[in-house]
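Listed here are the chains, written in short residue letters.
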Amino acid sequence: MWPPRRPPQEMATEPPRCAKSAEAERLPRGVQLDEPPSPAAAVEEAEEDGGRAPFFNGCVPLSHQVAGHMYGKDKGGILQHPDGTVLKQLQPPPRGPRELDFYNKVYAADCEDPVLLELRKYLPKYHGTWSPPTAPNDLYLKLEDVTHRFKKPCIMDVKIGQKSYDPYASAEKIKQQVSKYPLMEEIGFLVLGMRVYHIHSDSYETQNQHYGRGLTKETVKDGVARFFHNGYYLRKDVIVASIQKIKEILQWFESQKHLNFYASSLLFVYDGSSQMTTAWLNDSTLVEKRRVPKGQGPGGNTLEYYNNNIRVISSPENGKLESSVGRGFSKMYALHKRHQSQISLKVETVEQDNMWKSSACFSQEHLNGNVIPQLEKVFCHRSTVVPESAEVEVRMIDFAHVFPSNTGDEGYVHGLKNLITVLQKILDT
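Reading guide: rules and limits
Residues numbered from 1 in each chain as written. Predicted model: local features only at pLDDT ≥ 70, side-chain atom pairs only at ≥ 80, totals over all residues. Heavy atoms only, no water. Helix = DSSP H or I, 4+ residues; strand = E, 2+ residues; numbered from the N terminus. Buried < 20%, exposed > 50% of the residue type's maximum accessible area, 1.4 Å probe, protein only. Contact = heavy atoms within 4.5 Å. Areas by Shrake-Rupley, 256 points an atom, 1.4 Å probe, with all protein chains shown as cover. Pairing = 2+ DSSP bridges. Expected span 1.5 Å × (residues − 1). Core = buried A, V, L, I, M, F, W, Y, C linked by side-chain atoms within 4.5 Å. Axes fitted to C-alpha atoms, helices over the stretch in contact; angles between N-to-C directions. Polar contact = N/O pair within 3.5 Å; in protein donor to acceptor, adjacent residues only side chain to side chain. Lys, Arg positive; Asp, Glu negative; His and termini not counted. Salt bridge = Lys/Arg side-chain N within 4 Å of Asp/Glu carboxyl O.

Draft legend 1. Spotlight on the overall build of the protein. The helix and strand inventory of the protein stands at 13 helices and 18 strands. The buried share among the 429 residues of the protein stands at 50%. Taking the contacts inside the protein whose residues are at least 6 apart along the sequence as the reference set, 66% of them involve residues at least 24 apart. Put simply, the protein shows about 21,700 Å² of open surface, and 50% of that area lies on carbon and sulfur atoms.

Draft legend 2. Summary view of the sheet that holds strand 4 (residues 126-130). Spatially, the 5 strands line up as an open sheet ordered 1-2-3-5-4, and their pairing is antiparallel. Every interior strand has two partners, whereas the edge strands, strand 1 (60-61) and strand 4, have only one. The pairing of strand 2 (residues 78-80) with strand 3 (residues 85-89) spans 3 bridges and is antiparallel. In the strand pairing of strand 3, glutamine 80 is matched with valine 86.

Draft legend 3. Focus on helix 3 (residues 95-106). When the terminal C-alpha atoms of helix 3 are compared, their 17 Å separation across 12 residues agrees well with the 16 Å that a helix rising 1.5 Å per residue should span. Gly96, Pro97, Arg98, Glu99, Leu100, Phe102, Tyr103 and Val106 are the residues of helix 3 that are buried.

Draft legend 4. Representation of the nonpolar core in the model. Residues Phe102, Val224, Phe228, Phe261, Leu266 and Met396 are the most contacted members of the largest nonpolar core, which totals 70 residues. In this structure, phenylalanine 228 is in contact with Met156, Tyr233, Leu234, Arg235, Val238, Ile239, Ser242, Tyr270 and Leu423, ignoring residues within four places of it in sequence.

Draft legend 5. A look at the sheet that holds strand 10 (residues 264-271). Pairing is antiparallel in the open sheet, where 5 strands are placed in the order 8-7-6-10-17. Of all strands in the sheet, those with a lone pairing partner are strand 8 (203-207) and strand 17 (392-397), marking the two edges. Direction aside, neighbouring strands of the sheet carry axes that sit 15 degrees apart on average. Direction of pairing for strand 6 (residues 153-160) relative to strand 7 (residues 189-198): antiparallel, over a ladder of 6 bridges. Of the residues in strand 7, the one forming a bridge with isoleucine 155 is arginine 195.

Draft legend 6. Representation of the side chain of glutamate 144 within the structure. With respect to the element layout, glutamate 144 can be found in strand 5 (residues 140-144). In this structure glutamate 144 comes out as buried when scored by relative accessible area, which is 19%. Side-chain polar atoms of glutamate 144 contact the side chain of arginine 395, separated by 2.9 Å. Not counting the four nearest positions on each side in its chain, glutamate 144 is found in contact with Val86, Leu123, Pro124, Lys125, His127 and Arg395.

Draft legend 7. Spatial organisation of the side chain of lysine 236. Tracing the backbone shows lysine 236 in helix 9 (residues 236-255). Aspartate 428 provides the closest opposite charge to the buried, unpaired lysine 236, separated from it by 7.1 Å.

This is the structure we're talking about:
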């Protein structure tokens, strides 16, 4: 169980921090109060080598960090260790020691608290602490890199909760935090940053905290949806998997009354170059033939996917029609969305023996708006045909402001529920 809770009257103020001796008592053994050495020289060296020059023991700045303290901008930052873990530099007291204490309690070898044991499933794995040989007083948390297994990791950091300040925050601190994003008290979350892989350009789109702070109640749905769009279509499979994982975390929060989390985040990760996406967009042949039975396809159509083609059979809108769209359909569809009044789509009639009988080229106007909308529905629907194939990580991160409590974390629960609602609306659009 978490350490005994302090009486309510002691929760109103932070333990004294002005005296050096008081701070020293809060530090883990071997950690001094000296300011960490400035990484300016190492940063300058890294920048000269494209930002990936090793700092110590082969460690480099984390290349795909989307939020938080970063090397080159702040005193501390997250490093990538050669063994596949990430190193998060311990923050100054009391935040750093508090986060270290949190990880040590949750991952203690003798932990028998079912609440904490369940919580482990939603955190990065903790591998203790690490210090560079050249600076033994610099302490880092050694954590699982949840992006490590993805080829093209798409990452989003979302701060959860109605308050981004903890119970010990001063009036000035509260005012400062609220002013950064007043809407957070209402919706319970804030997009801190994202990194999205775009297939068509083989590049990443990145957005920082200013992007998230610019989102309003009217634009937050589209702002979050941007993370799930790969440049061709919306990754609805990823949204489905993300909702499921958030619901599991929500279930944990609704069942516990031990801890309250402030200024903590959810980290979303998925692979922008997933095998399914590649199969849809490349010229390769699908090994598996998938048929969606009548009634499961949009508009009651019978749909058939084969060799990366889409076939719409027995359409109630067009009478009996069997049409096929070739392997480059995704690109044609993207063009169609850009130039709806100009793009032509090749629709070819197929006989039962799969021999081409005739071929004609029709504009959208000639198709009376029937085929394109159907294909649009089919194309958007395909990403959810096999939703379990989407590999998605949703992990809780950042625990410098976690405190014992006698009540449930209503602010965090509120944020999770609203985020699920927004994702569901994106999915239903």
